[in-house]
Amino acid sequence: MNNTEIDDLSAWKSQTADFLLEMGQKYGDIRFLLEASKMIGMREVIRRKLNRNLPLWEADKEWLKNNLFAE
């Protein structure tokens, strides 16, 4: 894979994760959130939700409680 292909794949992954977050929010379905977290990680999912002023779900809050101070 060359750098252009890697950049394209990274952009696709990011856009797909954003779409999954939007769908999860729209339909209140945690499965979308979990799929997004598989793609970009839960930390990034929560960061994106906070940047978009989306509400945090219990799964987000639980992850924060367990990982906020973990290094």
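Throughout what follows, the structure given in this document is the object of discussion. Treat the numbers as computed from the prediction; the structure is a model and nothing was measured.

## Structural notes on the overall build of the chain
Each helix and strand counted, the chain has 4 helices and 0 strands in total. The secondary structure elements of the chain, listed N-terminal to C-terminal, are α-α-α-α. Each principal axis of the C-alpha atoms in the chain carries an extent, and together these give about 40 × 35 × 20 Å. Expressed as a percentage of contacts within the chain between residues at least 6 apart in sequence, the contacts between residues at least 24 apart total 40%. When the accessible surface of the chain is totalled, it reaches about 5,300 Å², and 53% of it is carbon and sulfur. Averaging the coordinates of the 11 positive side-chain charges in the chain and doing the same for the 12 negative ones gives two points 5 Å apart.

## As for the packing of aromatic side chains
Counted under the stated rule, the structure contains 0 aromatic pairs. The residue whose ring lies beneath Lys 49 is Trp 57, and the NZ or CZ to ring-centre distance is 4.5 Å.

## What to know about helix α2 (residues 30–40)
Among the residues making up α2, those that are buried are Leu 33, Ala 36, Ser 37 and Ile 40. Down the axis of α2, the buried side of the element spans an arc of 100 degrees, and every buried residue falls inside it. Pointing more than 90 degrees away from the buried face of α2 are the exposed residues Arg 31 and Lys 38. The inward-facing, buried residues of α2 contact α1 (3–27), α3 (42–51) and α4 (58–67). Just past α2, the residue Gly 41 takes up positive phi, approximately 90 degrees.

## Focus: the pattern of salt bridges
In this structure the tally under the stated criterion is 8 salt bridges. For Lys 38, the salt bridge is made with Glu 35, and the minimal N-O distance between the two is 3.1 Å. Of this pair, Lys 38 and Glu 35 both sit in helix α2, 3 residues apart, which is roughly one turn of the helix. Taking the relative accessible area as the measure of exposure, Lys 38 reaches 65% and is therefore exposed. Using a relative accessible area of 39% as the deciding quantity, one classes Glu 35 as partly exposed. Among the ionic pairs, Arg 47 bridges to Glu 44, the shortest N-O distance being 2.5 Å. Placement of both Arg 47 and Glu 44 in helix α3 is noted, with a separation of 3 residues, approximately one turn of the helix. The structure contains a network of salt bridges with shared partners spanning Asp 18, Glu 44, Arg 47, Arg 48 and Arg 52.

Procedures and definitions
- Residues numbered from 1 in each chain as written.
- Predicted model: local features only at pLDDT ≥ 70, side-chain atom pairs only at ≥ 80, totals over all residues.
- Heavy atoms only, no water.
- Helix = DSSP H or I, 4+ residues; strand = E, 2+ residues; numbered from the N terminus.
- Contact = heavy atoms within 4.5 Å.
- Areas by Shrake-Rupley, 256 points an atom, 1.4 Å probe, with all protein chains shown as cover.
- Lys, Arg positive; Asp, Glu negative; His and termini not counted.
- Charge placed at Lys NZ, Arg CZ, Asp CG, Glu CD.
- Phe/Tyr/Trp six-rings, centres within 6.5 Å; stacked < 30°, edge-to-face > 60°.
- Lys NZ or Arg CZ within 6 Å of the ring centre and 35° of its normal.
- Buried < 20%, exposed > 50% of the residue type's maximum accessible area, 1.4 Å probe, protein only.
- Arc of directions from axis to C-beta.
- Salt bridge = Lys/Arg side-chain N within 4 Å of Asp/Glu carboxyl O.

The values are spatial; any link to function lies outside them.
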